[in-house]
Amino acid sequence: MNRKTGRGNRLGLALVGLVLVVLGGSALARGLGAFSRDWAAADTPVVDGNVVGFFARNSPWIWWLVALAALVVAVLGLRWLLAQGRRDARGRLRVESGPSGVTEVSAGGMERAVAADVATSPAVLSADANVRCPRGHPEVRLRLVADESVPMGELTEHLTTVALPHMREALDRDQVPALARVSLEPAPSPHRIVR
């Protein structure tokens, strides 16, 4: 999931959750008799003559507002579903298109190849790659776990002389922006078998 979609999901879920908490809390408070006015007494129905009268006085335009609100909610829900589907359908990356045709590569295959290439360094304990191609410009984000005892210069040299040039060559690009997030951990101790 990209950052924009994730941020939108969190914001939308937070707003829906806030509305539900407010409505549920007010219903609970009303049911427990927390409101002292007669209109909010626990035994008074929520939809009484006042509500029915309001809808009768403001008909038919009130129903147009209800329909408009339902349409807005439906469009927002459809947009959210399409954003989720776009994230899941990212199986191929379009790296070039023109009059002679379209060049696409497998996103998963490219990510596995880049991660495997990075992991060939003895300084790297594990590697994960995310290759994206917004508007036909490929970029890569790497998450690495490196041995804390190995100098960072070795890792940087491996990335700049081996892994990233291989990726640029595979994508037939002179430049590919890359962002690497490196976590340092101690190397696992070798196990010895004593007989």
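In short, a report on the structure. (Residues numbered from 1 in each chain as written. Predicted model: local features only at pLDDT ≥ 70, side-chain atom pairs only at ≥ 80, totals over all residues. Heavy atoms only, no water.)

Counting secondary structure elements, the protein chain contains 5 helices and 5 strands. Listing each helix as α and each strand as β along the protein chain from the N terminus yields α-α-α-β-β-α-β-β-α-β. Sorting the 195 residues of the protein chain into buried and exposed places 23% on the buried side. Within the protein chain, contacts between residues at least 6 apart in sequence are counted, and of these 50% link residues at least 24 apart. Of the accessible surface of the protein chain, which amounts to about 14500 Å², a share of 62% is contributed by carbon and sulfur atoms. (Helix = DSSP H or I, 4+ residues; strand = E, 2+ residues; numbered from the N terminus. Buried < 20%, exposed > 50% of the residue type's maximum accessible area, 1.4 Å probe, protein only. Contact = heavy atoms within 4.5 Å. Areas by Shrake-Rupley, 256 points an atom, 1.4 Å probe, with all protein chains shown as cover.)

The 3 strands are arranged β3-β4-β5 in an open sheet whose pairing can be described as mixed. Bordering the open sheet on either side are β3 (124-132) and β5 (178-185), each of which pairs with just one other strand. Strand-to-strand twist in this sheet, taken as the mean axis angle between neighbours without regard to direction, amounts to 10°. One ladder, built from 8 bridges, connects strand β4 (residues 139-147) with β5; its direction is parallel. Pairing of A146 across the sheet is with L184, part of β5. Where helix α4 (residues 107-119) meets the sheet, its contacts fall on β3 and β4, and the angle it forms with β3 comes to roughly 150°. With respect to the sheet, helix α5 (residues 152-171) is in contact with β3, β4 and β5, its orientation differing from that of β4 by roughly 145°. (Pairing = 2+ DSSP bridges. Axes fitted to C-alpha atoms, helices over the stretch in contact; angles between N-to-C directions.)

With that settled, the discussion passes to the nonpolar core. In terms of nonpolar packing, the biggest core is built from 21 residues, with V114, V118, V140, L142 and M167 touching the most fellow members. Among the elements that line this core, the one with the most residues is α5, at 6 residues. Setting aside residues no more than four positions away along its own chain, V114 makes contact with A129, V140, L142 and M167. (Core = buried A, V, L, I, M, F, W, Y, C linked by side-chain atoms within 4.5 Å.)

Together, W61, W64, L65, L68, L71, V72, V75 and L76 give the surface a local cluster of nonpolar side chains, amounting to about 880 Å² of exposed area. Examined against the element boundaries, L76 turns out to sit in helix α3 (residues 61-88). (Patch = residues over 30% accessible without salt bridge, like charges linked within 9 Å, V, L, I, M, F, W, Y side chains within 5 Å. Salt bridge = Lys/Arg side-chain N within 4 Å of Asp/Glu carboxyl O.)

Right, let's talk about the packing of aromatic side chains for a bit. One pass over the full model with this rule turns up 2 aromatic pairs. Between the aromatic rings of F54 and F55, the centroid separation amounts to 5.7 Å while the plane-to-plane angle is 85°, which identifies the pairing as edge-to-face. Judged by its relative accessible area of 37%, F54 is partly exposed. Note on F55: relative accessible area 28%, which makes it partly exposed. Aromatic rings pair up to connect F54, F55 and W63 into one cluster. (Phe/Tyr/Trp six-rings, centres within 6.5 Å; stacked < 30°, edge-to-face > 60°.)

Every α-helix carries 3.6 residues per turn, so stepping three or four residues along brings you back to the same face. With 13 residues, α4 ought to run about 18 Å at 1.5 Å a step, and its terminal C-alpha atoms sit 18 Å apart, in line with that. Those residues of α4 that fall on the buried side of the exposure criterion are A107, M110, E111, V114, A115, D117 and V118. Angularly, the buried residues of α4 cover 160° about the axis, an arc narrow enough to put them on a single face. (Expected span 1.5 Å × (residues − 1). Arc of directions from axis to C-beta.)

What follows covers α5. Between its first and last C-alpha, α5 extends 27 Å over 20 residues, near the 28 Å set by a 1.5 Å rise per residue. Considering bend angle alone, the principal kink of α5 is centred on L159 and spans about 40°. Taken together, the buried positions of α5 are L155, H158, L159, A163, L164, M167 and L171. Immediately beyond the C-terminal end of α5, within one or two residues, lies D172, with a positive phi of roughly 55°. (Bend = angle between axes of the 7 residues up to and from the residue.)

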